[in-house]
Amino acid sequence: KAIGDLFPNLKKRVDIVALLDEWAARFFEELDYVKEMNHTKRFAASMAEELPQILVPESYEEYTSRRVLVSEWIEGEKLAQSTASDVGDLVNLGVICYLKQLLEMGFFHADPHPGNMIRTPDGRLAILDFGLMAEIDNEIKYGMVEAISHLIHRDYEAIVYDFVTLEFIPPGTNLSPILPVLAKVFDQALEGGGAKSINFQELAADLAQITFDYPFRIPPYFALIIRAIGVLEGIALVGDPDFAIVDEAYPYLSKMLLMDESPRLRESLKYTIYGKEGVFDVDRVIDILQAFDTYTINSSSSSGDAGSMVGGRRDGQ
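Model, not experiment: these values are computed from the prediction.

Q: Looking at this structure, how should I read the packing of helix α5 (residues 87–105) against helix α11 (residues 245–259)?
A: Think of two packed helices as two axes; the pair is described by the angle between the axes and how far apart they sit. Axis separation between α5 and α11 bottoms out at 10 Å; the angle between their running directions is 55 degrees. The angle between the axes of α5 and α11 places the two elements in the oblique class. You can see that α5 and α11 cross each other, and the crossing is right-handed. Listed contacts from α11 to N92, V95, I96, L99, K100, L103 and E104 of α5 are I245, E248, A249, Y252, L253, K255 and M256. Here the residues of the contact of α5 with α11 are counted per class, giving 9 nonpolar, 1 polar and 4 charged.

Take a look at the structure:
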């Protein structure tokens, strides 16, 4: 309340109490190493089957307490500093890994700074430090996929409602004044290549500007997502100035649209193919199938000797 009184404009743009609650909860979680160990095990188990080339350090439960975490030492170099030829593949793998956390698990690593992503000597991607994790529910997960489907078709009227679902706009808000503003922001973002060419960081900055004049807030979970995606983009842009996170994310989104059996994603797949006019678009079908093929290739690349791994560990270890 005191912060809101000192900065009334900030209070309009940000749910200060929710933001502080989110920060405080994550801060105290990072001080509990038993919880971090459990986070690590949960993350490793979720990656073991589909992405075994993601390496997660093993935690030793018998030596771990609330104040002490004992885990495996992993040799390697920071991904951001590596000059290896497969860094681009590892960044793509990191994007797939993050999207799986965000859109499938709903449980994601909220502190993926460059020091937490390591290229191992055998060419795998090691992810460290699971003290700061965050969760989102199915409403948010599916809402993000729906928003991207609407964005592909520039259906801004639907996107405004998506932003209510995603907690950017409070329920019951008059959406009419916000629609033209959002349409302008997205039109600018889509110039020069459509949805796949969007610079996520620039789009997030433009959306933040809207909060000054309209009942539009950046929800706490999205602030964590912006930070995480910003790290991946920053690493990728060093080696590839044309890198676009949405373009790299599209193969995974196509996989979700084609394979997830939830009614909401079935409807999103139908919308992606038919659009708001209800007209079958064969080019869109080809695009989705090609993207799914790309996902299949990317998800099996940069595997090092992961083929000899069992549950994320080498045979015999």
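So, next bit.
Q: Hey, could you run me through the pattern of salt bridges in this one?
A: Where charged atoms from two side chains of opposite charge approach closely, those side chains can pair. Evaluation of the coordinates by the stated rule reveals 12 salt bridges. Of the charged contacts in the structure, one is a salt bridge between K41 and E61, with a shortest N-O distance of 2.9 Å. Of this pair, K41 sits in helix α4 (residues 33–48) while E61 sits in the loop between β1 (54–55) and β2 (77–78), and the two are 20 residues apart along the sequence. The closest approach of N and O atoms between R154 and D187, which form a salt bridge, is 3.4 Å. Placement of the pair is R154 in the loop between α6 (138–152) and α7 (156–165) and D187 in helix α8 (residues 178–190), with a sequence separation of 33 residues. Judged by its relative accessible area of 39%, R154 falls in the partly exposed class. Each of E50, K100, E104 and K255 takes part in salt bridges that share partners, so that together they form one network.

Q: Is there a simple way to explain helix α9 (residues 200–210) in this structure?
A: Because the α-helix completes a turn every 3.6 residues, residues three or four places apart line up on one side. Where α9 is concerned, the buried positions are F200, L203, A204, L207 and I210. Viewed along the axis of α9, the buried residues span an arc of 105 degrees, placing them on a single side of the element. Facing away from the buried side of α9 by more than 90 degrees, the exposed set consists of E202 and Q209.

Q: When you look at the packing of α4 against α5 in this model, what are you seeing that I'm missing?
A: Here α4 crosses α5 at 100 degrees, and the two axes come no closer than 11 Å. Between α4 and α5, the angle is such that the two are roughly perpendicular. Only C97, K100, Q101 and M105 of α5 make contact with α4, whose side of the interface consists of F43, S46 and M47. Across the contact of α4 with α5, the residue classes tally to 4 nonpolar, 2 polar and 1 charged.

Q: Looking at this model, I keep getting lost on the sheet that holds β1. Mind explaining?
A: Pairing between the strands of a sheet comes from backbone hydrogen bonds, and it takes one of two forms, parallel or antiparallel. Spatial strand order, β1-β5-β4-β2: 4 strands in an open sheet with mixed pairing. The open sheet has two free edges, formed respectively by β1 and β2, since each of these has just one partner strand. Sheet topology note: the β2/strand β4 (residues 117–119) ladder contains 2 bridges and is antiparallel. Bridging across to β4, E77 finds its partner in R119. Across the sheet, α5 lies against β1, β4 and β5 (125–127), angled at about 45 degrees from β5, the strand it touches most.

Q: Looking at this structure, I do not really get the side chain of T120. What am I missing?
A: Here T120 is to be found in the loop between β4 and β5. Reaching out from T120, the side chain makes a polar contact with the side chain of D122 at a distance of 2.4 Å. A distance of 3.0 Å separates the side chain of T120 from the backbone nitrogen of R124, its partner in a polar contact. When sequence neighbours within four positions are dropped, the list of residues in contact with T120 reads L55, I74, E75, G76 and A126.

Q: Help me understand empty space enclosed by the protein, please; the structure alone is not making it clear to me.
A: If you roll a probe as big as a water molecule over the atoms, it shows you where there is empty space left. This structure, assessed with the given rule, holds 2 cavities of 30 Å³ or more. For the largest cavity, the calculated volume is near 550 Å³. If you go around the largest cavity, you meet 28 residues; those closest to its centre are M144, I148, F200, F222 and V246. Within the residue set of the lining of the largest cavity, elements represented by two or more residues are α5, α6, α7, α9, α10 (220–239) and α11. Considering only residue class, the lining of the largest cavity consists of 28 nonpolar, no polar and no charged. Roughly 80 Å³ of volume is contained in the second largest cavity. In this structure, the second largest cavity is lined by G94, C97, Y98, Q101, H109, P112, M117, I127 and L232. With 4 residues, the top contributor of residues to the lining of the second largest cavity is α5.

Q: I keep staring at the confidence of the model for the chain and nothing clicks. Help me out?
A: Low pLDDT marks regions whose predicted coordinates should not be analysed in detail. Looking at the chain as a whole, its pLDDT mean stands at 84, while 84% of the residues score no less than 70. In the model, residues 304–317 has pLDDT below 50 throughout and makes 25 contacts with residues more than four positions away in sequence or in other chains.

Rules used in this analysis
- Residues numbered from 1 in each chain as written.
- Predicted model: local features only at pLDDT ≥ 70, side-chain atom pairs only at ≥ 80, totals over all residues.
- Heavy atoms only, no water.
- Axes fitted to C-alpha atoms, helices over the stretch in contact; angles between N-to-C directions.
- Helix = DSSP H or I, 4+ residues; strand = E, 2+ residues; numbered from the N terminus.
- Parallel < 35°, antiparallel > 145°, perpendicular 65-115°, else oblique.
- Left-handed = near helix turned anticlockwise from the far one by under 90°.
- Contact = heavy atoms within 4.5 Å.
- Nonpolar A, V, L, I, M, F, W, Y, C, P; charged D, E, K, R; others polar.
- Salt bridge = Lys/Arg side-chain N within 4 Å of Asp/Glu carboxyl O.
- Buried < 20%, exposed > 50% of the residue type's maximum accessible area, 1.4 Å probe, protein only.
- Arc of directions from axis to C-beta.
- Pairing = 2+ DSSP bridges.
- Polar contact = N/O pair within 3.5 Å; in protein donor to acceptor, adjacent residues only side chain to side chain.
- 1 Å grid on protein atoms, 1.4 Å probe; cavity = no way out; pocket = protein on both sides within 12 Å on 5 of 7 lines; lining within 4 Å.
- Points joined across faces, edges and corners; volume = space filled by probe spheres on them.
- pLDDT = per-residue confidence, 0-100.

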